[in-house]
Amino acid sequence: MDEHIYKAHNKTLLLYHMVFPVKYRRKIFTEEVSEKLKEVCIGIGERYEMRFVEIGMEEDHVHMLVQGIPNMSVSQMVKTIKSITAREIYKSYPRIRKEILWGGNLWTSGYYANTVGQYGSKEVIIKYIQNQGKDEREYEKIHESQLEFDFGE
């Protein structure tokens, strides 16, 4: 089965591992609440062109493998998922909002997101790029850089 998403002029396979902790790391994910989360995520997927490849959880946080499309940024995806799931879980289980989270947010303000490569690691992709055009000319590296992020911490 081809897992790419086909649009008018593009073909993509964008997978993201996302983790959302519950506010204050409260343990809210019972079997019943987990089933509701799954149902809501499937609905989000249908409305927003996301595919929830896998959803897993512990009582106080959720892991998701989500396939997206290029016109939606990771932060937009996160905002959409977190806001709709919170609204629907609170609507179905008002006790969580009133007694466990004291009327506040369901999710922490932060999240974890990472891209997932189905066809290879960074090293495999570098080798693939280096082997392009071998029949016609030798590969010439024109740039190499290490990923660096400074978030002022």
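Further up the page is the structure itself.
What you see is a predicted model, and the numbers here were worked out from it, not measured in a lab.

Calculation notes
- Residues numbered from 1 in each chain as written.
- Predicted model: local features only at pLDDT ≥ 70, side-chain atom pairs only at ≥ 80, totals over all residues.
- Heavy atoms only, no water.
- Pairing = 2+ DSSP bridges.
- Helix = DSSP H or I, 4+ residues; strand = E, 2+ residues; numbered from the N terminus.
- Axes fitted to C-alpha atoms, helices over the stretch in contact; angles between N-to-C directions.
- Expected span 1.5 Å × (residues − 1).
- Buried < 20%, exposed > 50% of the residue type's maximum accessible area, 1.4 Å probe, protein only.
- Contact = heavy atoms within 4.5 Å.
- Core = buried A, V, L, I, M, F, W, Y, C linked by side-chain atoms within 4.5 Å.

Colleague: Just checking my understanding: could you explain the sheet that holds strand β5 (residues 61–68) for this structure?
Modeller: Sheet strands associate in pairs through backbone hydrogen bonding, adopting either a parallel or an antiparallel arrangement. Taken together, four strands build an open sheet; the order of strands is β4-β5-β3-β6 and the sheet is antiparallel. Looking at the sheet topology across the chains shown, the edges are occupied by β4 (51–58) and β6 (112–116). Direction aside, neighbouring strands of the sheet carry axes that sit 15° apart on average. Looking at chain direction, strand β3 (residues 14–21) and β5 are connected through eight bridges and run antiparallel. When the bridges of β5 are listed, V19 appears paired with H63.

Colleague: Just to check I follow, could you spell out helix α1 (residues 31–48) for this structure?
Modeller: Since the α-helix packs 3.6 residues into each turn, any two residues three or four apart lie on the same face. In this model, α1 (18 residues) spans 26 Å end to end at C-alpha, consistent with the 26 Å of a helix rising 1.5 Å per residue. Listed in full, the buried residues belonging to α1 are V33, S34, K36, L37, V40, C41, G43, I44 and G45. For α1, the elements touching its buried residues are β4, β5, α2 (74–92) and α3 (94–100). Downstream of α1 by a residue or two, E49 has a phi angle that is positive, lying close to 55°.

Colleague: I would appreciate a short explanation of the nonpolar core in the present structure.
Modeller: Buried together is how nonpolar side chains tend to be arranged in soluble globular proteins. Core analysis: the largest hydrophobic core is formed by 30 residues, its most contacted members being F29, I96, L106 and W107. Breaking this core down by element, the ones donating at least two residues are β3, α1, β5, α2 and α3. Here W107 is in contact with F20, P21, V22, K23, F29, L37, V62, K82, T85 and A86, once residues within four sequence places are set aside.

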